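Report on the structure
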Amino acid sequence: MDNNSKIMRRTISILLVFNLWISLSAADTFCLDKVTDVPNLNDQIQKELQASTFYLAASHYFERSDMALHGISKFFHKMSSEEKGHADKLMTYMNMRKSPPKTPNISIKDICDLFSKNDICLDKNSDDCKHLYSAKSDDCKHSCPAKTDDCTISSPHKVCTEITGTEHTQDICKKDNIPLYVMKLAHKLELLVYDKLVNIVKESSDEELKHFIEHEYLDEQIESIKQISDYEIQMARLGCGLGFYIFDQQFLQNDAKS
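Residues numbered from 1 in each chain as written. Predicted model: local features only at pLDDT ≥ 70, side-chain atom pairs only at ≥ 80, totals over all residues. Heavy atoms only, no water.

Concerning the UniProt feature "binding site: Fe cation" (unreviewed entry) in the protein
What counts, and what does not: UniProt positions are given in the numbering used here, feature names are shortened, and annotations may be inferred rather than shown by experiment. Working definition: with a 1.4 Å probe on protein chains only, accessible area under 20% of the residue-type maximum means buried, over 50% means exposed, and in between means partly exposed. Two residues form a contact once any of their heavy atoms are found within 4.5 Å. Each helix is a run of H or I in the DSSP string that is no shorter than four residues. Each strand is a run of E no shorter than two, and both are numbered from the N terminus.
With numbering matched to this structure, UniProt assigns "binding site: Fe cation" (unreviewed entry) to Glu-48, Glu-83, His-86, Glu-190 and Gln-221. Separation in sequence by 174 residues is not matched in space for these annotated residues, since their most distant C-alpha atoms are only 12.5 Å apart. The exposure class assigned to Glu-83 is buried, which follows from its relative accessible area of 1%. Excluding residues that lie within four positions of it along the chain, Glu-83 makes contacts with Glu-48, Ala-51, Ser-52, Tyr-55 and Glu-190. In this fold, Gln-221 is placed in helix H7 (residues 207-238). With a relative accessible area of 1%, Gln-221 lands in the buried category. Setting aside its immediate chain neighbours within four residues, Gln-221 contacts His-86, Glu-190, Val-193, Tyr-194 and Leu-197.

Some remarks on the pattern of salt bridges
Where charged atoms of side chains with opposite charge meet at close range, the side chains can pair. We count it as follows: The salt bridge criterion pairs a side-chain nitrogen of Lys or Arg with a carboxyl oxygen of Asp or Glu, the two atoms within 4 Å.
Counting across every chain of the model gives 11 salt bridges. Note that Lys-226 is salt-bridged to Asp-230, the shortest N-O span being 2.7 Å. Taken as a pair, Lys-226 and Asp-230 lie in helix H7 at a separation of four residues, close to a single helical turn. Through salt bridges that share partners, Asp-43, Lys-47 and Lys-196 make up one connected network.

Structural notes on the packing of aromatic side chains
The criterion, for reference: For Phe, Tyr and Trp, where Trp contributes only its six-membered ring, two rings pair if their centres lie within 6.5 Å, and the inter-plane angle classes them as stacked under 30 degrees, edge-to-face over 60, or tilted in between. Geometrically, a charge over a ring is one whose NZ (Lys) or CZ (Arg) sits within 6 Å of the ring centre while staying within 35 degrees of the ring normal.
Here the structure, examined in full by the defined rule, presents 12 aromatic pairs. Relative to Phe-212, the ring of Tyr-93 has its centre 4.0 Å away and its plane inclined at 10°; by these criteria the two rings are stacked. Of this pair, Tyr-93 sits in helix H3 (residues 70-96) while Phe-212 sits in helix H7; the two residues are 119 residues apart in sequence, bridging distant segments of the chain. Aromatic pair Tyr-231 and Phe-251: ring centres 5.1 Å apart, planes at 80°, arrangement edge-to-face. Of this pair, Tyr-231 sits in helix H7 while Phe-251 sits in helix H8 (residues 242-257); the two residues are 20 residues apart in sequence, bridging distant segments of the chain. According to the relative accessible area criterion, Phe-251 is buried, its value standing at 12%. Chaining the aromatic ring pairs together yields one cluster made of Phe-54, Tyr-55, Tyr-61, Phe-62, Phe-75, Phe-76, Tyr-231, Phe-247 and Phe-251. Seen from the ring of Tyr-217, Lys-89 lies directly overhead, with NZ or CZ sitting 5.7 Å from the centre.

Description of the nonpolar core
Note the threshold: Here, the term nonpolar core denotes a set of buried Ala, Val, Leu, Ile, Met, Phe, Trp, Tyr and Cys residues that are joined through side-chain atoms within 4.5 Å.
Phe-54, Tyr-55, Phe-62, Phe-76, Ile-163 and Val-182 are the most contacted members of the largest nonpolar core, which has 35 residues in total. Secondary-structure elements contributing two or more residues to this core are helix H2 (38-63), H3, helix H4 (108-113), helix H5 (156-164), helix H6 (178-203), H7 and H8. Top element by residues in this core is H6. It accounts for eight residues. Sequence-distant contacts of Ile-163, defined by excluding residues within four places in its chain, comprise Phe-54, Ala-57, Ala-58, Tyr-61, Ile-178 and Val-182. Ala-87, Ile-200, Val-201 and Leu-209 belong to the second largest nonpolar core, which has 19 residues in total.

Laid out in structure tokens, this is it:
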């Protein structure tokens, strides 16, 4: 091998090593760019896991023999998995940015405390709720029992404690509207998660983080809010009893098709 060939091969080797060093340096520089909004992201992870826990509880609640709404149960089980996936993705992202996430403590009490009594409409006769229920005319009355003090679950917080098993009611009458109530709570949870995501984007100075949230979360969150809102309206329109059963069967049919 002549000297020119040796020099050429040595030059190529040096260039390859140099390019590899540049690539590794660039990767290391990116990884060292830590997330600037660690507390907000940790809080978002907690919100995602709170939603996941509530949906998991709802899934198994509707699976019970005294509810037997297996389509709705499967829907909430899927929602639970999706919310957990969102938390997993955020935690992986934080690790990639060398900002280790904090594993949140998920408390059932904290989840139920998210629902204050004024947050969600449970009374179909109030002015704020009429659009969710049938008109008051004789031919459009809601099919559920009249809402009297002894035949209703009076607050969103009590619905949450019933679903999560921290407080039970034995009165079947009080359970008639629970599927609709839980869909309302799910709607509220999705809005809370969305608002938190939007605030992260608004307040953050981290352009890469903002891009990540906007492209990986916001569109999907809006679609989820619209879907649950539609279900809420449909359930209110159908009414409880047979109406909820028909609604539940639609979930099972869609699941069988997929």
